[in-house]
Amino acid sequence: MTDSKYFTTTKKGEIFELKGELNSDKKEKKKEAVKKVIASMTVGKDVSALFPDVVNCMQTDNLELKKLVYLYLMNYAKSQPDMAIMAVNTFVKDCEDTNPLIRALAVRTMGCIRVDKITEYLCEPLRKCLKDEDPYVRKTAAVCVAKLHDINAQLVEDQGFLDQLRELLSDSNPMVVANAVAALSEISDTSPSPAAQMEMNQQTINKLLAALNECTEWGQIFILDALSNYVPKDDREAQSICERVTPRLAHSNAGVVLSAVKVLMKGMEYVGMETEFVTTLQKKLAPPLVTLLSSEPEVQYVALRNINLIVQKRPDILKHEMKVFFVKYNDPIYVKLENWTSYPSATQENIAQVLAELKEYATEVDVDFVRKSVRAIGRCAIKVEQAAERCVSTLLDLIQTKVNYVVQEAIVVIKDIFRKYPNKYESIISTLCENLESLDEPDARASMIWIVGEYAERIDNADELLESFLEGFHDESTQVQLQLLTAIVKLFLKKPTETQELVQQVLSLATQDSDNPDLRDRGYIYWRLLSTDPAAAKEVVLAEKPLISSETDRLEPTLLDELICYIASLASVYHKPPSAFVEGQALVVRRTQLPVRSASGEPGATGATESPVPQQAQPVQQQQSVIPSHDTAMGDLLGDLLSMDLNPQPQQQMSMTPAPQQDMGGMDLLGGGLDSLLGGPSPVAGMPASQASMGGGLGDILGLGISSTTYVPPKQVWLPAPKAKGLEVSGTFSIRQNVRYMDLTLKNNAMAPMGDFAIQFNKNSFGLSPASALQVPSPLSPGQTADVTLPLGTNGPVQKMDPLMNLQVAMKNNIDVFYFSCLIPIHLLFTEDGQMGSASDRKVFLATWKDIPDSNEVQKEIANPNQLDPKGISDKLQQSFIFTIAQRNVDGRDMLYQSLKLTNGIWVLAELKIQPRSPTMTLSLKTRALDVIPQVQQAYELIIANM
Amino acid sequence: MIHSLFMINSAGDIFMEKHWKSVISRSVCDYFFEEQQKANSPEDVNPVISTPHHYLIHIYRENIYFVAVCTTEVPPLFVIEFLHRVVDTFTDYFGDGGETAIKDNYVIVYELLEEMLDNGFPLATESNILKELIKPPNILRTVVNTVTGSSNLSDTLPTGQLSNVPWRRAGVKYTNNEAYFDVIEEIDAIIDKQGSTVFADIQGVIDCCVKLSGMPDLTLSFMNPRILDDVSFHPCVRFKRWESERVLSFVPPDGNFRLISYHVGSQNMVAIPVYVKPNISFREGGGRFDVTVGPKQTMGKLVESVVITCAMPKVVLNMNLTPTQGTYTFDPVAKVLTWDVGKINPQKLPNLRGNISLQSGSPPPESNPAISVQFKIQQMAVSGLKVNRLDMYGEKYKPFKGVKYLTKAGNFQVRT
């Protein structure tokens, strides 16, 4: 005869049958029927249709039947509120019953009927029951207040139940006190209103402490939790609370133990720093925590999560108990994985044992577990310096096993060890490099790349290694991409000569082809750094990294302090403050203060632990720490950089112009951008000087009108449409208001719109480079033409071209990249300060003229088609920055002595003999750089012919 | 606090639900099932699961998941302890807490749950009190109930619930007054390949069966109480007297209960009573297995009920072994070798040896399996704890007293 018989009637008319039985006259049959109903209800069958019939059974003396009906009522009252009112009278009557059990039961059940209409009827009986002579009824009523508050908080406050509840805190019966505490805690947890808060003063605390010893284990948990919210007014009070709570550590209920631990952990903070009292208390904490670890696995899990917090706060507590954290193979996996939490307690004394144990685990089957073991070995190495060597050799042993995930994990931790103990264990790098191919996890790859980048100078084939990673750049995870970018930049700074290509490649990959803003931004930062100030780049990128400490997998201190206040709660399991995960309730911040704590906890801080990308983790420190020794190295580097320039001119200074025209707008098609990095520190001759002679320039502009100061050759087709999939580019060069421009006309001859235009120059003889991004109205629809001007800078990378004035250009759009070349007219490069000496002081000119050997003089007949007079010629030429220093008339011929200067600092001196009324003139040019002479001659002809 | 409870069997059926506040839809268990699917074995499901609106805290016992649903921040250990108490109560009432027992006693289970928790707050969890409120089922009572129409539900107030000794009911009467104490110690140990102890500690309990009339006040003293430095007591023990005099003074609950549990830490030397000499080796296609067990520090007591289990690697196909005593079985599905040794005769050490065959083509496993050992030693507490005397105050009669000692293996592992 078991209850399973209640489930056997699964015929069609079940409900009907039950109805009949419920209305039966026979008590016994009635009860059986109610039991059947309850059984159906418990398995989730809908028996709500029987509501009136069941309620009819309520008025009975039979306690069991009453209870069963109550059970039913609680379940279904919500769905049948009108019917539930029928039951109210019986409840009220039962609350007056002589049997306290019945009174309590009625109060209890009433609270569980979650129907608003009923709650009004509930108030009077509840008020009576709160003052009942029998403590059993009182304690039931206390809980009922919490139930009622859940249904209708306003009602509870209005009716003054909260005050009555607070009175119960000083009840003579400890069980009543415990329930009152529990009810009040729940109410204050869910209610934002100040009236609902549980005020605690010394008196209530004393009462709670008194009740603590005598109430049930559950009551103890409630009271301890309430106690932990109390802020003692001085350290003596804190001390006395701790003393009275300490015996709870010996309770057999794990919940009581952990709640007591919470009170004590908080108490210790109030007592103050390392007094004798705290030390003894710490000793007392260890055994109960250890005991928790030998209970059921679920308890172990929660205990371990909490111990994690506790040992972070006070690592000494468990330092003698390391062995209890050793893992048995049949522990559930969630327990195994948590056992690592104890490693903050590793010390020199126990490290040998711990290491042996960890090595044992590293050969286990479970992958996650093995990983954690390997990681823990690394932690130990970082934590205990004396053991580092052993840890490293253990790790090497593990790498030799060639088990893929072990190797990967080992490499990740070795990276950390390198950071902790620089220049100590680098001898093992070669072993690590052997395992390069087997790495397929982002963490491990990133770590390995970091190692290669960091120790590039010790790894002969570092560039090859990194290059091999670069091949699949786009398939890598962001973490690896970032690390690769940084590593290659490091490598470049260490070995600039061999790795230009590589760094160029990675920068372009990072900035152009990536959609990841982090990667792009980091790429730009490096790029800008390298191009404007390689010295700074070196300081930043190769800065001494702050040593990492063993705290990397720790919580942030403020968060930890906050979590300490939540020991034994869900927050301690999640390691997040409740505000981060409790939702849908007005959580009152009330338990979150420890005495010494800073303002804000940072909920996200947990995620920031053990960053695999060290650079990312400490950018600020890196930038702050400057390494003096690198400054001297920098000189060498600059020497290297300069020697690569073919430019024959002397380097004037190392002024690092913050060159706004350096903004490449993200294009690096030919690698010109990268070379501009090298060219970066070369002197910027053009721009600053142009400002100096602004006055003269202005006069010219006024004299000539607004359009163009210099001769502008007509646009030529540089890139015919058939060669560029329908894009036709024609262009010319001009100088306007002292700025050099490339004027382009883009025509879309294709059928589809074009967009995303970008332009890039190859290295050229005079270092011309785009000073800003190409601004093309985008998209360029089919048939449309756009005129574009591109300001040019003259401090780009320099390489002598053949022909000298050749400029190779790459232009990109959404379709493809196209290449073309054009000739730069040399007058574009004449500078505004080309007047040697001044009109009044010709000595400089004369001296220079004489200084240049006669072999450097080239004569040529040039045409003067318009037969201009010397004045006219002089004026015209000056508009193109060929300045007349002196004018003489010798034998009826006018002699003009002129000077001009190129952007790269080359001076050209000229003597122009003008035969009146002759279609030709004789031009003698004298310069140290003979290469430019044909071009200058050509320029003269062009300018004079086109005036 | 605890909002609802779902019981889920190994097939994934929710066969019982109980709500103490408003009803929470069963669908909340989907989060649990999700987590369950990730786990390799039933034991591996993380006990605390967070879902967007609820927190699921569960224990796994008797092949049932007891899943408690909470809506607010609660102490998880409180929930876990409570769930264990629920299962303990079921076991106490029905003999076992399994699914069949629960289904057979549906109404009692429901009544019990109702009685144990009110609005999520524990109400009566002491077995003594519960049994006063709800009578445990037994055949005789069921027959009587059916005939007389009386119920198994008491209609008196559980007296103990209000007294200062809530664990004891009033008016207990026995014709034979007796008090038995069992000192049971379990050794948890990890022994490494070389036979040296990596880790060992002792979990001890004193379980009592006290059937004394009236309100007896007992005092139990030990020869060597210093061993007990890490103890947890039944609420009945007066902590003050333990602190000052190192004696256990208490008014006992009626019937069976656990008086104290204690822990002898890893810092103390633990005498290991048995040793295992394993010799397991693998090569291509097979391997050798040779294990010998022997007594070590047993203080002359007999080691009995020795069972050796070894979870072999997955590639092991079969094992062909010969024991010098006892019987062995190899479960080829679970790959678990079980050798029931029985008693160890120190003159003739039990040995089990033979061949291992591996799946053809698979490489031999890299690591050897760990061996776990079970054993029992009667009349010895391995920690050396000894009860000195038991005194009774408050009642006039002379009770019959007895103490038994038992040492057994807890989680005793030998690495090979």
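Residues numbered from 1 in each chain as written. Chains lettered and ligands numbered in written order. Predicted model: local features only at pLDDT ≥ 70, side-chain atom pairs only at ≥ 80, totals over all residues. Heavy atoms only, no water.

(A) Representation of the overall build of chain A in the model. Helix and strand counts for chain A stand at 41 helices and 13 strands. Burial analysis of chain A (947 residues in total) assigns 60% to the buried set. Considering only contacts within chain A whose residues lie at least 6 apart along the sequence, 69% involve residues at least 24 apart. Of the roughly 37,300 Å² of accessible surface on chain A, 50% is carried by carbon and sulfur atoms. (Helix = DSSP H or I, 4+ residues; strand = E, 2+ residues; numbered from the N terminus. Buried < 20%, exposed > 50% of the residue type's maximum accessible area, 1.4 Å probe, protein only. Contact = heavy atoms within 4.5 Å. Areas by Shrake-Rupley, 256 points an atom, 1.4 Å probe, with all protein chains shown as cover.)

(B) Molecular detail of the overall build of chain B. Helix and strand content of chain B: seven helices and 23 strands. Taken over 416 residues, chain B has a buried fraction of 58%. Long-range contacts, defined here as pairs at least 24 residues apart, represent 68% of the contacts in chain B between residues at least 6 apart. Accessible area for chain B stands at about 17,100 Å²; split by element, carbon and sulfur atoms hold 50% of it.

(C) Seen up close, helix α12 (residues 202-212) of chain A. Residues and elements named next belong to chain A. Where α12 is concerned, the buried positions are T204, I205, L208, L209, A211 and L212. Angularly, the buried residues of α12 cover 165° about the axis, an arc narrow enough to put them on a single face. Against the buried residues of α12 lie α11 (174-190), α13 (217-227) and α14 (235-245). (Arc of directions from axis to C-beta.)

(D) Representation of the confidence of the model for chain A within the structure. All names here are of chain A. Looking at chain A as a whole, the pLDDT averages 75, with 81% of positions reaching at least 70. The low-confidence segment residues 584-592 (pLDDT under 50) makes 29 contacts with residues lying over four places distant or belonging to another chain. Here residues 596-708 scores under 50 on pLDDT; set against residues more than four positions off or in separate chains, the count is 192 contacts. (pLDDT = per-residue confidence, 0-100.)

(E) Representation of the side chain of D391 of chain B. Residues and elements named next belong to chain B. For D391, the position within the fold is in strand β22 (residues 387-393). Within the structure, D391 has its side chain in polar contact with the side chain of R389 (distance 2.7 Å). Among all residues touching D391, those that are not within four sequence positions of it are D217, L218 and T219. (Polar contact = N/O pair within 3.5 Å; in protein donor to acceptor, adjacent residues only side chain to side chain.)

(F) Inspection of the packing of helix α26 (residues 478-494) of chain A against helix α27 (residues 500-512) of chain A at higher detail. Residues and elements named next belong to chain A. Two elements in contact, α26 and α27, have axes whose closest approach is 9 Å; the angle formed by their N-to-C orientations is 150°. Our classification of the angle between α26 and α27 gives roughly antiparallel. Between α26 and α27 the crossing geometry is left-handed. Residues L485, I488, V489, L491 and F492 of α26 touch α27, and the partners they reach there are Q500, L502, V503, V506, L507 and A510. Within the contact of α26 with α27, the residues separate by chemical class into ten nonpolar, one polar and no charged. (Axes fitted to C-alpha atoms, helices over the stretch in contact; angles between N-to-C directions. Parallel < 35°, antiparallel > 145°, perpendicular 65-115°, else oblique. Left-handed = near helix turned anticlockwise from the far one by under 90°. Nonpolar A, V, L, I, M, F, W, Y, C, P; charged D, E, K, R; others polar.)

(G) Examining the pattern of salt bridges more closely. Across all of its chains, the model carries 40 salt bridges over all chains by this definition. Note that R85 of chain B and E217 of chain A form a salt bridge whose closest N and O atoms lie 2.6 Å from each other. Remark: E217 of chain A occurs in helix α13 and R85 of chain B occurs in helix α2 (residues 76-94); the pair is interchain, linking two chains. In this pair, the class of R85 of chain B matches that of E217 of chain A, namely buried. Ionic contacts of the salt-bridge type, sharing partners, join the residues R108 and K147 of chain A together with K18, E114, E115 and D118 of chain B into one network. (Salt bridge = Lys/Arg side-chain N within 4 Å of Asp/Glu carboxyl O.)

(H) Structural detail: the sheet that holds strand β1 (residues 716-719) of chain A. Residues and elements named next belong to chain A. Reading across from one edge, β1-β2-β3-β6-β5 is the order of the five strands in this open sheet, with antiparallel pairing throughout. One side of each edge strand has no neighbouring strand; the edge strands of this open sheet are β1 and β5 (769-770). Bridge analysis of strand β3 (residues 739-748) against strand β6 (residues 785-793) gives seven bridges, and the strand direction is antiparallel. Bridge pairing in β6 places T745 opposite D787. (Pairing = 2+ DSSP bridges.)

(I) Region of interest: the nonpolar core. By size, the foremost hydrophobic cluster in this structure holds 272 residues, and its most contacted members are Y72, L227, V245 and F418 of chain A together with M7, F66 and F90 of chain B. The element that contributes the greatest number of residues to this core is helix α15 (residues 254-271) of chain A, accounting for twelve residues. The residue makeup of this core includes at least three contributed by each of domain 1 (2-148) and domain 2 (178-270 + 380-414) of chain B. In this structure V245 of chain A touches L209, L212, L224, L227, A260, V263 and L264 of chain A, once residues within four positions along its chain are discounted. (Core = buried A, V, L, I, M, F, W, Y, C linked by side-chain atoms within 4.5 Å. Domains from an automatic or database assignment.)

(J) Molecular detail of the environment of T329 of chain B. All names here are of chain B. Position of T329 relative to the elements: it lies in strand β18 (residues 327-331). Spatially, the C-alpha atoms of T329 and D340 are 8.5 Å apart, while their sequence positions differ by eleven residues. In this view, T329 contacts V336, L337 and T338; residues no more than four positions away in its chain are not counted.

(K) Representation of the packing of aromatic side chains in the model. This structure, assessed with the given rule, holds 22 aromatic pairs over all chains. Between F418 of chain A and Y455 of chain A, the aromatic rings sit 5.3 Å apart at their centres with planes inclined by 75°, giving edge-to-face as the arrangement. Taken together, the positions of F418 of chain A in helix α22 (residues 404-420) and Y455 of chain A in the loop between α24 (442-454) and α25 (462-470) put the pair 37 residues apart, joining distant regions of the chain. Ring centres of F233 of chain B and W242 of chain B lie 5.5 Å apart, and the angle between their planes is 70°; this geometry places the pair in the edge-to-face category. The exposure class of F233 of chain B is buried, given its relative accessible area of 4%. (Phe/Tyr/Trp six-rings, centres within 6.5 Å; stacked < 30°, edge-to-face > 60°.)

(L) Spotlight on the sheet that holds strand β4 (residues 758-761) of chain A. Residue and element names in this part refer to chain A. Taken together, the three strands give an open sheet; going across it, the order is β4-β7-β8, and neighbouring strands pair in antiparallel fashion. Every other strand in the sheet has two partners, leaving β4 and β8 (817-823) as the edge strands with one partner each. Strand after strand, the sheet turns through a mean of 25° between neighbouring axes, direction not considered. Inspection of the sheet shows strand β7 (residues 806-812) paired to β8 by seven bridges, in the antiparallel sense. Within β8, the residue paired with K812 across the bridge is V817.

(M) Representation of the pairing of strand β1 (residues 2-9) of chain B. Residues and elements named next belong to chain B. Of all eight residues making up β1, eight are buried, and the element is well covered by its neighbours. Looking at chain direction, β1 and strand β5 (residues 64-70) are connected through seven bridges and run antiparallel. Across the sheet, the residue bridging to L5 is A68, located in β5. Here five bridges tie β1 to strand β2 (residues 14-19), and the two strands are oriented antiparallel to one another. The partner of S4 across the bridge, within β2, is H19.

(N) Representation of the state of the cysteines within the structure. Residues and elements named next belong to chain B. Tallied over the full model, the rule gives zero disulfides over all chains. Of all cysteine sulfurs, the one in C208 lies closest to C236, which takes part in no disulfide; the gap is 7.9 Å. You can call C236 buried: its relative accessible area is 3%. (Disulfide = S-S within 2.5 Å.)

(O) α26 of chain A, seen in detail. In this model, α26 of chain A (17 residues) spans 24 Å end to end at C-alpha, consistent with the 24 Å of a helix rising 1.5 Å per residue. Judged by how many residues are buried, α26 of chain A sits mostly within the fold: 15 of 17 residues are covered. (Expected span 1.5 Å × (residues − 1).)

(P) Expanded view of unusual backbone geometry. The backbone phi angle of D756 of chain A is positive, close to 55°, even though this residue is not glycine. For D756 of chain A, the position within the fold is in the loop between β3 and β4.

(Q) Broad picture of the pairing of β4 of chain A. All names here are of chain A. Neither face of β4 is exposed, since A758 and Q760 on one face and I759 and F761 on the opposite face are all buried. Note that β4 and β7 share four bridges and pair antiparallel. Bridge pairing in β7 places A758 opposite K812.

(R) Just the interface of chain B and chain A, in detail. If you look at the interface, chain B gives 96 residues, while chain A gives 95 residues. Of the roughly 8,100 Å² buried between chain B and chain A, counting both surfaces, carbon and sulfur atoms make up 58%. By the criterion of area lost to chain A, the three top residues of chain B are E73, L77 and F121 of chain B, representing 9% of everything that side buries. In this assembly, chain B and chain A are joined by six salt bridges. E186 of chain A serves as the salt-bridge partner of K21 of chain B, at 3.3 Å between the closest nitrogen and oxygen. Here chain B and chain A share 15 residue pairs in polar contact (both at pLDDT 80 or more) between them. Top element by residues in the side of chain B that touches chain A is α2 of chain B. It accounts for eight residues. Classifying every residue of the side of chain B that touches chain A by side-chain character gives 43 nonpolar, 32 polar and 21 charged. (Buried area = accessible area lost by both parts, 1.4 Å probe.)

(S) Broad picture of a negative patch on the surface. Residues and elements named next belong to chain A. A contiguous patch of negative charge on the surface is contributed by E464, E467, E471 and E501. Secondary-structure assignment places E501 in helix α27. Using a relative accessible area of 57% as the deciding quantity, one classes E501 as exposed. (Patch = residues over 30% accessible without salt bridge, like charges linked within 9 Å, V, L, I, M, F, W, Y side chains within 5 Å. Lys, Arg positive; Asp, Glu negative; His and termini not counted. Charge placed at Lys NZ, Arg CZ, Asp CG, Glu CD.)

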